[in-house]
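Fold and geometry: a report
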Amino acid sequence: MRCRKLKADLARRLALAALFAALAGCRQDMHDQPKFEPLEATALFADRSSARPLVAGTVARGQLREDQALFTGLEGDQFVSDLPLEMTAELVARGRTRYDAFCSPCHGLQGDGLGMIVRRGFKQPTSLHEQRLRDTPVGYFFDVMTRGFGQMSSYAAQVGPEDRWAIAAYIRALQLSRFTPVEILTPEDLRRLEGDEELVAVPETEVE
Ligand code: HEC
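So, here is what we can say about the structure in this document. Not measured: the values here are computed from a predicted model.

Looking at helix H3 (residues 89-102)
Spanning 14 residues, H3 covers 20 Å between terminal C-alpha atoms, matching the ideal 20 Å at 1.5 Å per step. The complete set of buried residues in H3 reads Leu91, Gly95, Arg98 and Tyr99. One side of H3 carries all its buried residues, which in axial view fall inside an arc of 100°. Of the exposed residues in H3, the ones pointing more than 90 degrees away from its buried face are Ala89 and Glu90. Of the surrounding elements, those touching the buried residues of H3 are helix H4 (104-107) and helix H8 (161-178).

Right, dumping it as structure tokens:
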């Protein structure tokens, strides 16, 4: 009786061991399948490199960037002064969400350059309301976001080209918001400016 129990136990252990060996073998096969490691040499090509260059004249799907203005903000070597996308309320609204997420930490929600990171010691950027930046063509903002500027790094990896234009459009809106000529204000706007209590009651929004 006792002997049979021992035998059964041994059989079970052997079966388990065989199972583990088989599983481990399986895993090893997957690891060792034929493939080139990065930078591995090969005798297959004359230059002995397993990493092959792109075939001349081909473009990877989704990477055709023919439209120079749209992808660089330049026309020839000049910054474009017209948005290469249609300017719509949706584009500006989209730009606002992207600006608030990616730019306001330093440039501030209002563009004055006093974002949270700056208040905690990062270099303070020039206010986007400075005359120089009001006069600059819109392509300049696209270029700064794409290639970075001084201590500010590039945002090309986080923010796609269309969103970069949306942000540029929103920066223009921010700039306009501070330099509205008084002549274009409605009588209602003027009363609000002069402190008409009823009109001044604009709902409080969280700013920074
Ligand atoms: C981490 C902080 C930080 C973030 C985030 C940031 N910037 Fe900047 N930005 C700076 C600093 C600092 C400078 C000034 C760099 C210098 O002078 O070395 C600058 C410069 C600029 C300038 C150039 C101003 C000039 O003087 O010509 C523009 C335009 C600009 N940023 C736009 C943006 C936009 C748009 C975003 C969002 C996509 C953004 N920045 C995100 C810190 C930041």
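Notes on the environment of Asp100
Considering the arrangement of structural elements, one finds Asp100 in helix H3. Taking C-alpha positions, Asp100 is 9.3 Å from Ile167, a pair spaced 67 residues apart along the chain.

Quick notes on the packing of H3 against H8
Where H3 contacts H8, the two axes come as close as 7 Å, and the packing angle between them is 95°. In terms of orientation, H3 and H8 fall into the roughly perpendicular class. Two secondary-structure elements touch here, H3 through Leu91, Val92, Arg94, Gly95, Arg96, Arg98 and Tyr99 and H8 through Asp163, Ala166, Ile167, Ala169, Tyr170 and Ala173. Looking at the contact of H3 with H8 residue by residue, the classes come out as eight nonpolar, one polar and four charged.

Conventions we followed
- Residues numbered from 1 in each chain as written.
- Predicted model: local features only at pLDDT ≥ 70, side-chain atom pairs only at ≥ 80, totals over all residues.
- Helix = DSSP H or I, 4+ residues; strand = E, 2+ residues; numbered from the N terminus.
- Expected span 1.5 Å × (residues − 1).
- Buried ≥ 20, exposed ≤ 12 C-beta atoms within 10 Å, placed from the backbone.
- Arc of directions from axis to C-beta.
- Contact = placed C-beta atoms within 7 Å.
- Axes fitted to C-alpha atoms, helices over the stretch in contact; angles between N-to-C directions.
- Parallel < 35°, antiparallel > 145°, perpendicular 65-115°, else oblique.
- Nonpolar A, V, L, I, M, F, W, Y, C, P; charged D, E, K, R; others polar.

It is worth stressing that arrangement in space is one thing and function is another; only the former is reported here.
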